[in-house]
Amino acid sequence: MEMTMRWFGPGFDPVTLDKIRQVPAVTGVITTLYGVPPGEEWKKEDLLALKKEVEDNGLRIAGIESVNIHDSIKTASPERDKYIEKYINTLKVVSQAGINLVCYNFMAVFDWTRSDLAKPRPDGANVMAYQQKFIDEINPDTMFDVISAKSQGHVLPGWEPERMAKVKELFELYKNIDDKTLFANLEYFLKAIMPTCEKYGILMAIHPDDPAWPVFGLPRIVKNKEDLQRLVKTVDNPHNGVTLCTGSLGSSPSNDIPDIIRSLKGRIHFAHVRNVKHNGPGDFEESAHLSSDGSLDMYAIMKSLYDIGFDGPLRPDHGRCIWGETSMPGYGLYDRAIGLSYLSGIWEALQKGGK
Ligand SMILES: [Mn+2]
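Quick look at the structure, then. Keep in mind it's a predicted model, so treat the numbers as computed, not measured.

**Brief notes about the overall build of the protein chain**
Looking only at helices and strands, the protein chain features 14 helices and 12 strands. Here the protein chain has a C-alpha radius of gyration of 19 Å; the compact-globule value for 355 residues is 20 Å, and the two agree. Dimensions of the protein chain, computed from the C-alpha atoms along their principal axes, are close to 50 × 45 × 40 Å. Residues classed as buried in the protein chain amount to 43% of the 355 residues present.

Given below as structure tokens:
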């Protein structure tokens with residue numbers, strides 16, 4: 001296992017590499033060319049410049065999160081093969097930069113959804129939260145305004161203004177896409193890129209849907225053990241793997257995360273580890289990583305990763321906003337560093353034989 005942190009890159013992330021470097025155990029960052037829109041081919045010189053900046057700060061790029069998938073591919077528009085070709089060219093550039101892990105998602109319209117980006121907690125921290133009843137009341141067209149008004153001025157991953165300006169068009173695009181069609185489009189995409197992934201040693205790691213149930217009537221195909229098993233079996237190639245995100249899958253109390261981890265032995269290429277607190281049906285909030293602060297058993301999660309021999313990058317996921325820090329929601333330095341140290345402690349105990 002390699003301990004990493006997500007870093008959004010120069011000009012986007014107020015958390016700097018010199019600070020990340022000081023978090024014990026961290027050797028790598030997970031990053032991306034954040035300004036490049038989905039569908040546009042990456043330029044090798046841009047990625048090499050990013051790599052140099054990371055390496056000049058004593059770290060390495062342990063993986064890309066994300067190379068986003070163009071809507072043409074998700075919806076099987078007449079242009080999809082053209083966009084798959086571009087995606088393949090980007091994978092080649094990633095490989096040329098010495099990087100072998102690519103996280104992506106196959107969600108329709110919204111990459112992730114929250115009803116509150118800064119819910120106050122009794123101790124003065126604030127967290128991102130989700131209430132289905134709030135989402136049910138709002139018009140998806142205005143979802144972007146609701147989210148962006150609370151983003152503290154940051155551009156949120158998956159919520160880029162250029163893309164969200166077209167929310168109505170996006171809903172139109174997905175109007176006739178059901179779960180079955182979306183899955184078939186994912187299968188088509190994966191089968192098309194697998195030869196490239198094999199040739200260049202790229203591990204693809206799909207991120208589960210967040211939250212782990214349908215929102216706004218949109219299709220949803222990566223939300224539980226059954227979906228993940230179908231995905232890895234349909235394209236049964238080790239390069240077709242998973243980003244095991246405990247918080248996204250864990251948003252649904254019906255998902256048994258340690259069981260899901262054990263069922264995916266050999267196919268988890270990247271792990272996002274965070275806790276989540278269930279407040280009731282369709283109602284959850286994020287919490288500190290500590291087991292007792294939320295609803296997930298973080299020891300059981302780390303133990304299952306340890307037991308299956310997980311050896312990819314792992315990063316703490318969204319943390320609380322504490323100590324007055326201003327950051328991308330969920331991506332402050334302070335609480336992620338606390339969470340990371342806690343996860344490192346569990347891992348050390350596992351390595352040394354704790355039962
Ligand atoms: Mn995640």
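**Observations concerning the pairing of strand β4 (residues 101-104)**
Bridge analysis of strand β3 (residues 60-65) against β4 gives 2 bridges, and the strand direction is parallel. For I64, the partnering residue across the bridge sits in β4 and is V102. Examined bridge by bridge, β4 and strand β7 (residues 203-206) share 4 bridges and lie parallel to one another. Directly across from Y104, in β7, lies its bridge partner I206.

**A short note on the sheet that holds strand β11 (residues 283-286)**
If you walk across this open sheet you meet the 4 strands as β5-β6-β11-β10, and the pairing is antiparallel. In this open sheet, the two strands that pair with only one neighbour each are β5 (116-120) and β10 (276-280). Mean inter-strand twist for the sheet, computed between neighbouring axes without regard to direction, equals 35 degrees.

**Quick word on the nonpolar core**
Core analysis: the largest hydrophobic core is formed by 84 residues, its most contacted members being V29 and V102. Excluding anything up to four places from it in sequence, V102 contacts I64, V67, L91, V94, I202, M204 and A205.

**Section: the sheet that holds strand β2 (residues 28-31)**
With parallel pairing, 8 strands are arranged side by side around a closed barrel as β1-β2-β3-β4-β7-β8-β9-β12. Between one strand axis and the next, the sheet turns through 30 degrees on average, direction left out of account. Summarising the sheet, strand β9 (residues 268-273) and strand β12 (residues 313-316) pair through 3 bridges and their orientation is parallel. Across the sheet, residue H272 finds its bridge partner in β12, namely R315. Packed on one face of the sheet, helix α2 (residues 44-56) meets β2 and β3 and runs near 135 degrees to β3.

**Let's talk about the environment of P195**
Mapped onto the elements of the fold, P195 is located in helix α9 (residues 179-200). The class of P195 is exposed, set by 12 C-beta atoms lying within 10 Å. Sequence-wise, P195 and T326 are 131 residues apart; in three dimensions their C-alpha atoms are separated by 43 Å.

**Brief notes about the pairing of β9**
With 6 of 6 residues buried, β9 is to be regarded as a mostly interior element. Where strand β8 (residues 240-245) lies against β9, 4 bridges are found, and the strand directions are parallel. Bridge pairing in β9 places T243 opposite F270.

**Re the packing of helix α4 (residues 80-96) against α9**
The relative placement of two packed helices is expressed as an angle between their axes plus a distance between the axes. As a packed pair, α4 and α9 sit with axes 10 Å apart at the nearest point and diverge in direction by 25 degrees. With respect to their mutual orientation, α4 and α9 come out roughly parallel. Considering the relative orientation of α4 and α9, their crossing is right-handed. Contacts between α4 and α9 involve I84, Y87, I88, L91, K92 and S95 from the first element and F189, A192, I193, T196, C197 and Y200 from the second.

**Description of helix α13 (residues 298-307)**
For α13, the set of buried residues is M298, I301, M302, S304 and L305. Seen end-on, α13 carries its buried residues on one side only, within an arc spanning 160 degrees. Taken from the residues just after α13, G309 is the one with a positive phi, measuring 75 degrees.

**Details of unusual backbone geometry**
The step from E65 to S66 runs through a cis peptide bond, and the omega angle for that step is 0 degrees. Counting through the fold element by element, S66 comes out in the loop between β3 and α3 (71-75). Cis rather than trans, the peptide bond between D210 and P211 has omega equal to -5 degrees. Within the element layout of this structure, P211 appears in the loop between β7 and α10 (225-234). In this structure, W323 takes a positive phi of about 55 degrees despite not being glycine. Here W323 lies in the loop between β12 and α14 (333-351). C-beta crowding within 10 Å serves as the criterion here: with 11 such atoms nearby, W323 is assigned to the exposed category.

**Re the packing of α13 against α14**
Between α13 and α14, the least distance of the axes is 10 Å, while the angle of their chain directions is 55 degrees. On the basis of their axis angle, the class for α13 and α14 is oblique. Crossing of α13 against α14: the hand is right-handed. Each of M298, Y299, M302, K303 and Y306 in α13 lies in contact with α14, whose residues at this interface are L343, I346, W347 and L350. Its residues placed into classes, the contact of α13 with α14 shows 8 nonpolar, no polar and 1 charged.

How each quantity is defined
- Each residue is numbered by its place in its chain's sequence as written, counting from 1.
- Owing to the predicted nature of the model, reporting of local features is limited to residues with pLDDT of at least 70; listing and counting of side-chain atom pairs is limited to 80 or more, with chain, interface and lining totals taken over all residues.
- Put simply, DSSP H or I for four residues or longer makes a helix, DSSP E for two residues or longer makes a strand, and each gets a number counted from the N terminus.
- This radius of gyration counts C-alpha atoms alone. The globule rule is 2.2 Å times how many residues there are, raised to the power 0.38.
- Exposure classes come from backbone-placed C-beta atoms, where a residue is buried if 20 or more other C-beta atoms lie within 10 Å of its own, exposed if 12 or fewer do, and partly exposed in between.
- Criterion used throughout: strands pair if DSSP finds at least two bridges between them.
- Here, axes are lines fitted to C-alpha atoms. For helices the fit covers the stretch in contact, and angles between N-to-C directions go from 0 to 180 degrees.
- Connectivity within a nonpolar core runs through C-beta atoms within 7 Å, and the core itself is a set of buried Ala, Val, Leu, Ile, Met, Phe, Trp, Tyr and Cys residues.
- C-beta atoms are placed from the backbone for every residue, and two residues are taken to be in contact when these atoms lie within 7 Å.
- For classification purposes, angles smaller than 35 degrees are called roughly parallel, those larger than 145 roughly antiparallel, those between 65 and 115 roughly perpendicular, and all remaining angles oblique.
- Each crossing gets its handedness from the near helix: less than a right angle anticlockwise from the far helix is left-handed, clockwise is right-handed.
- Throughout, the arc means that of the directions going from the helix axis to the C-beta atoms.
- Three classes are used: nonpolar for Ala, Val, Leu, Ile, Met, Phe, Trp, Tyr, Cys and Pro, charged for Asp, Glu, Lys and Arg, and polar for all others, with Gly counted as polar.

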